[in-house]
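Notes for the structure review
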Amino acid sequence: MRIVGGRPLEGTVRISGAKNASLPDLCATLLTDQTVRLSNVPEVRDIRTLARLLSDLGACVRFEVGGIIEARAADITSVEAPYELVKTMRASVLVLGPLLARCGKARVSLPGGCAIGARPINLHLQALEKMGARIRVESGFVEAQCERLRGAEIYFDTVTVTGTENVMMAAALADGETVVRNAACEPEIGDLAELLNAMGARIQGAGGSTLRIEGVTSLRGAEHKVVPDRIETGTFIAACAIAGGDIEIRDCHPSHLRAVIEKIRETGVRIEEGPDNLRVRSPRAMKASSVSTLPYPGFPTDMQAQYMALMTQATGTSTLTETIFENRYMHVAELQRMGASVRVEGRTAIVTGAAPLSGAQVMATDLRASASLVLAGLAATGTTIVNRVYHLDRGYFRIDEKLRGLGADIERIDEKGGPVPAREDGA
Ligand code: EPU
């Protein structure tokens, strides 16, 4: 991605459906033999990868234009999620709960570490064991079996988003009531509960830290619109703040971004809220403001890298503390190469601004780190080349086109520097 910095953003951008809601929603389609129709699904690479996995399991998955997916798992012909897929996308572990609940068995590759931390799935496995699954880990695979899962009291030691989702899907078809305490409260959990309830599940308390799930014997087909992507929304707020300008962000849920909006307001950025839209106006100079990542409704770890890019351009010193993942500062070295003043001490990054950024060749290491480099490129003088943008395409739907629509000078180039006409988002 080639970015020439220094252009303020103006105009309107529309937010896509949430990747991290669409992924569990798609997995939930395995819980019924009827058709589930999802709309507002972002056509990003992770969605294509998961659709491929569902097809391998025997589901029929059909994409329609405009972010619609119809999935029907009339017969499940395989219960195995292979290493090749799970290693490219950890969210593949979300098939574990549905496969166990529907088929009584599952064989899912252990995901292993990733660029942002170790990311174990021990809490998913412990919870499913409490529900009666027999689980062993062999040759890098989780092998799980059960008769019918039974309701259980689950307490998560750590808040886990996909862990909560796996248990919700398993418990929807279990025998009896499951109570999940210290459940994740992220809007994506609410979105999954809404879909499952439309399919006939009985889930109460989504959005709070205690979930009650009364198991049913079967689920049916449903239609569901995926919630807007709060991290994409936050990324565009940050883009306007760092590049300068005045933009409107449409089709979003400002109420899902309380912590992000308040934090970015503290830096001097003006943000006006409508029911499903935001107007963002950047100030002449931003003030530094410290932040700590936390589970929802706290400041999301998925916005930490983008917020760091912003802080490199704010006046003063800020500290960013990453409490969710132990290794989520891969963007720091690349931001430093562009001139940012950032020092990492354990889980805290100390940013001193505003240090002028200059365009450079940088390397994307994971999805949100890549977004922070694009933001830095918008503020830098000269040309920034962000390599390995496939990370961006895993989770942002046409981010380059959307930024270009706001007036940014950004284009995809091939390895020789020539323009890339075709979209690379896997759609
Ligand atoms: N954890 C455990 N054991 C477990 C599960 C989690 O120790 O069994 C720990 C993790 O190591 C981490 C913390 O608990 O320290 C929270 O991890 P969580 O399970 O909540 O993360 P996740 O479910 O794997 C989802 C998102 C991530 C997002 C995190 C935190 C999806 C598909 N992924 O991951 O999104 O960062 O929640 O909000 O929903 C992204 O989109 O870029 C992304 C990485």
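Description of the structure in this document. (Residues numbered from 1 in each chain as written. Predicted model: local features only at pLDDT ≥ 70, side-chain atom pairs only at ≥ 80, totals over all residues. Heavy atoms only, no water.)

Before going further, it helps to spend a moment on the sheet that holds strand 9 (residues 141-145). A sheet is described by the order of its strands in space; here four strands give the open sequence 6-7-9-8, paired in mixed fashion. Of all the strands in the sheet, the pair left with one neighbour each is strand 6 (80-81) and strand 8 (134-138). Docked against the sheet, helix 4 (residues 96-103) engages strand 7 (105-109) and strand 9, running at close to 160 degrees with respect to strand 7. (Pairing = 2+ DSSP bridges. Helix = DSSP H or I, 4+ residues; strand = E, 2+ residues; numbered from the N terminus. Contact = heavy atoms within 4.5 Å. Axes fitted to C-alpha atoms, helices over the stretch in contact; angles between N-to-C directions.)

Quick look at the pattern of salt bridges now. Here the structure, examined in full by the defined rule, presents 33 salt bridges. Between Glu 266 and Lys 263 there is a salt bridge, with the nearest N and O atoms lying 2.9 Å from each other. Placement of both Glu 266 and Lys 263 in helix 9 (residues 258-266) is noted, with a separation of three residues, approximately one turn of the helix. The exposure class of Lys 263 is buried, given its relative accessible area of 13%. (Salt bridge = Lys/Arg side-chain N within 4 Å of Asp/Glu carboxyl O. Buried < 20%, exposed > 50% of the residue type's maximum accessible area, 1.4 Å probe, protein only.)

In the sheet, strand 8 pairs with strand 9 via five bridges, with the strands oriented antiparallel. What sits directly across from Ile 135, in strand 9, is Ala 144. Where strand 8 folds back onto strand 9 in an antiparallel hairpin, the turn is made up of two residues, including Ser 139, whose phi is positive at roughly 50 degrees.

Now for helix 4. In terms of burial, helix 4 is largely enclosed, as six of its eight residues are buried. The inward-facing, buried residues of helix 4 abut helix 1 (19-28), strand 7, helix 5 (122-130), strand 9 and helix 6 (161-172). A positive phi of about 80 degrees marks Gly 104, the residue just after helix 4.

It is worth spelling out the site of the ligand at this point. What surrounds the ligand is a group of 22 residues, the closest being Asn 122, Thr 160, Thr 162, Asp 302 and Ile 324. The side chain of Asp 302 places a nitrogen or oxygen atom 2.6 Å from an oxygen atom of the ligand. For the ligand, an oxygen atom lies 2.5 Å from a polar atom in the backbone of Ile 324. Across the complex, the protein chains shield 87% of the 830 Å² of accessible surface that the ligand would expose by itself. Sorting the residues of the shell around the ligand by element identifies helix 1, helix 5, helix 6 and helix 12 (367-379) as the ones contributing at least two each. (Near = heavy atom within 4 Å. Polar contact = N/O pair within 3.5 Å; in protein donor to acceptor, adjacent residues only side chain to side chain. Areas by Shrake-Rupley, 256 points an atom, 1.4 Å probe, with all protein chains shown as cover.)

So, about the packing of aromatic side chains. The full count for this structure, using the stated rule, is one aromatic pair. Taking 5.4 Å as the distance between ring centres and 65 degrees as the angle between the ring planes, the aromatic pair formed by Phe 299 and Tyr 307 counts as edge-to-face. Owing to a relative accessible area of 4%, Phe 299 belongs among the buried residues under this scheme. Take Tyr 307: its relative accessible area is 1%, and that puts it in the buried class. Above the plane of the ring of Phe 63 lies Arg 48, whose end atom (NZ or CZ) is 3.7 Å from the centre. The ring of Phe 141 has Arg 107 lying over it, and the distance from NZ or CZ to the ring centre is 3.9 Å. (Phe/Tyr/Trp six-rings, centres within 6.5 Å; stacked < 30°, edge-to-face > 60°. Lys NZ or Arg CZ within 6 Å of the ring centre and 35° of its normal.)

This part takes up unusual backbone geometry. Note that the residue after Tyr 296, namely Pro 297, is joined by a cis bond; omega there is 10 degrees. In this structure, Pro 297 sits in the loop between strand 19 (291-292) and helix 10 (304-312). The omega torsion across Gly 353 and Ala 354 is -5 degrees, close enough to zero to call that bond cis. Here Ala 354 shows up in the loop between strand 22 (348-353) and strand 23 (361-363). If you check the backbone angles, Asn 40 has positive phi at about 65 degrees while not being a glycine.

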